[in-house]
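Next come the chains, spelled out residue by residue.
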Amino acid sequence: MRKTAVVTGASSGIGEATARRLAAEGFEVVAGARRRDRLDKLASEVPAIRPVTLDVTSQESVDALASSLERCDVLVNNAGGALGMEPVARGDVGDWQQMYDTNVLGSLRMTRALLPGLVASGDGVLVMLTSTAGLSAYEGGGGYVAAKHAQRSMTETLRLELVGEPVRVVEIAPGMVKTEGFAVTRFRGDEERAAQVYDGVPGPLSSDDVADAIVWAVTRPAHVNIDRMVIRPRAQAAQH
Ligand code: NJP
């Protein structure tokens, strides 16, 4: 039976690229997100991908996905992203709550639900998509920076708690990646302003750049743990 990888947030960006690459590596891929039309299109292009409607902010939705799995060898907690670019003094509490619920609690819900499967696998791999925003801070990034710091803390705690279990914990912390999430949700649909975000950053990463790193880390031999990879565009390398 082929190994199964679950990728959250697989309807676009890094998650979609990771789902495609894991399928190419021979995994059965369970691709979860809310936009089912996008997942269905992805699955029609890649037969090894099974689309599942998933909202990581809903315990019911997470439990439904977990109970549909026959096995789980890899979990990529990728669903998340940033909302808004307001300074802390004008930050929208609703946005902050949503970022925390998705990036932090979403990863926690998924991890709790799928951890028994990862342990049963005998060589489970848990991947957390954090961010360089979780390593420092930047103006206008308050809610996102806070959420990604929290997600990183949870990842480190999990790593300690899983010593002795057959589960590897891998943190992937990207810098600027050219995806819908980075540009459009952050600037609330103002595509002109969103496009300008890449000005002065020659060669932002592509989703494939990050997916390559994820797949490389996941496919190392069982005795090799890639603790953390920080991946930035060359031009961003000295910023944090
Ligand atoms: O963004 P985007 P990225 N339940 O918007 C899904 C981190 N990161 O690829 O539900 C389930 O293309 C959403 O699907 P849908 C970032 O923090 C990025 O850039 O259909 N899924 C979509 O598939 C995030 O953790 C950059 O709307 C939910 C996906 O999440 C990860 O990389 C830099 C959901 C987001 O795809 C992927 O982001 C960095 C929910 N409740 C870290 N809510 C960067 N792009 O520069 C959202 O350091 N999704």
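Keep in mind that what you see is a predicted model, and the values were worked out from it rather than measured. (Residues numbered from 1 in each chain as written. Predicted model: local features only at pLDDT ≥ 70, side-chain atom pairs only at ≥ 80, totals over all residues. Heavy atoms only, no water.)

**Q** Pulling in residues and values, what's your account of the pairing of strand E6 (residues 167-174)?
**A** A regular strand carries its side chains on alternate faces of the sheet. Across the 8 residues that make up E6, a large majority, 8, are buried. Neither face of E6 is open: one carries Val167, Val169, Glu171 and Ala173, the other Arg168, Val170, Ile172 and Pro174, and all of them are buried. Sheet analysis places strand E5 (residues 124-129) next to E6, joined by 6 bridges and oriented parallel. Residue Leu129 lies in a different strand from E6, and its bridge partner there is Ile172. Note on the crossover from E5 through helix H5 (residues 142-161) to E6: the handedness is right-handed. Relative to strand E7 (residues 228-231), E6 runs parallel, the two sharing 4 bridges. Residue pairing in the sheet places Glu171 in a bridge with Arg228 of E7. (Buried < 20%, exposed > 50% of the residue type's maximum accessible area, 1.4 Å probe, protein only. Helix = DSSP H or I, 4+ residues; strand = E, 2+ residues; numbered from the N terminus. Pairing = 2+ DSSP bridges. Right-handed = clockwise from strand over helix to strand, strands pointing away.)

**Q** Can you explain the site of the ligand? Please cite residues and give values.
**A** Taken together, 32 residues are adjacent to the ligand, and Arg34, Ser131, Tyr144, Pro174 and Thr179 come closest. Taking Tyr144, its side chain carries an N or O atom lying 2.6 Å from an oxygen atom of the ligand. At 3.4 Å from an oxygen atom of the ligand is found a main-chain nitrogen or oxygen belonging to Gly175. Notes on the ligand: free accessible area 890 Å², of which the protein chains cover 94%. When residues of the shell around the ligand are traced back to their parent elements, those giving at least two are helix H1 (13-24), helix H4 (93-121), H5 and helix H6 (180-185). For the shell around the ligand, the residue count by class is 12 nonpolar, 16 polar and 4 charged. (Near = heavy atom within 4 Å. Polar contact = N/O pair within 3.5 Å; in protein donor to acceptor, adjacent residues only side chain to side chain. Areas by Shrake-Rupley, 256 points an atom, 1.4 Å probe, with all protein chains shown as cover. Nonpolar A, V, L, I, M, F, W, Y, C, P; charged D, E, K, R; others polar.)

**Q** Any chance you could break down the sheet that holds E7 for me, citing the residues and the numbers?
**A** Spatially, the 7 strands line up as an open sheet ordered E3-E2-E1-E4-E5-E6-E7, and their pairing is parallel. The open sheet is flanked by strand E3 (49-53) and E7, the only strands paired with a single partner. Adjacent strand axes in the sheet meet at a mean angle of 15°, parallel and antiparallel pairs treated alike. Together, strand E4 (74-77), E5, E6 and E7 form the strand contacts of H5, whose direction differs from that of E5 by roughly 160°. (Axes fitted to C-alpha atoms, helices over the stretch in contact; angles between N-to-C directions. Contact = heavy atoms within 4.5 Å.)

**Q** Can you break down the pattern of salt bridges residue by residue, with the values?
**A** All told, the structure shown has 18 salt bridges when counted by the stated rule. Close ionic contact of Arg152 with Glu171 constitutes a salt bridge, the shortest N to O distance being 2.6 Å. In this pair, Arg152 sits in helix H5 while Glu171 sits in strand E6, placing the two residues 19 residues apart along the sequence. Each member of the pair, Arg152 as well as Glu171, is classed as buried. Here the salt bridges do not stand alone but share partners, grouping Arg152, Glu156, Arg159, Glu171, Asp227 and Arg228 into one network. (Salt bridge = Lys/Arg side-chain N within 4 Å of Asp/Glu carboxyl O.)

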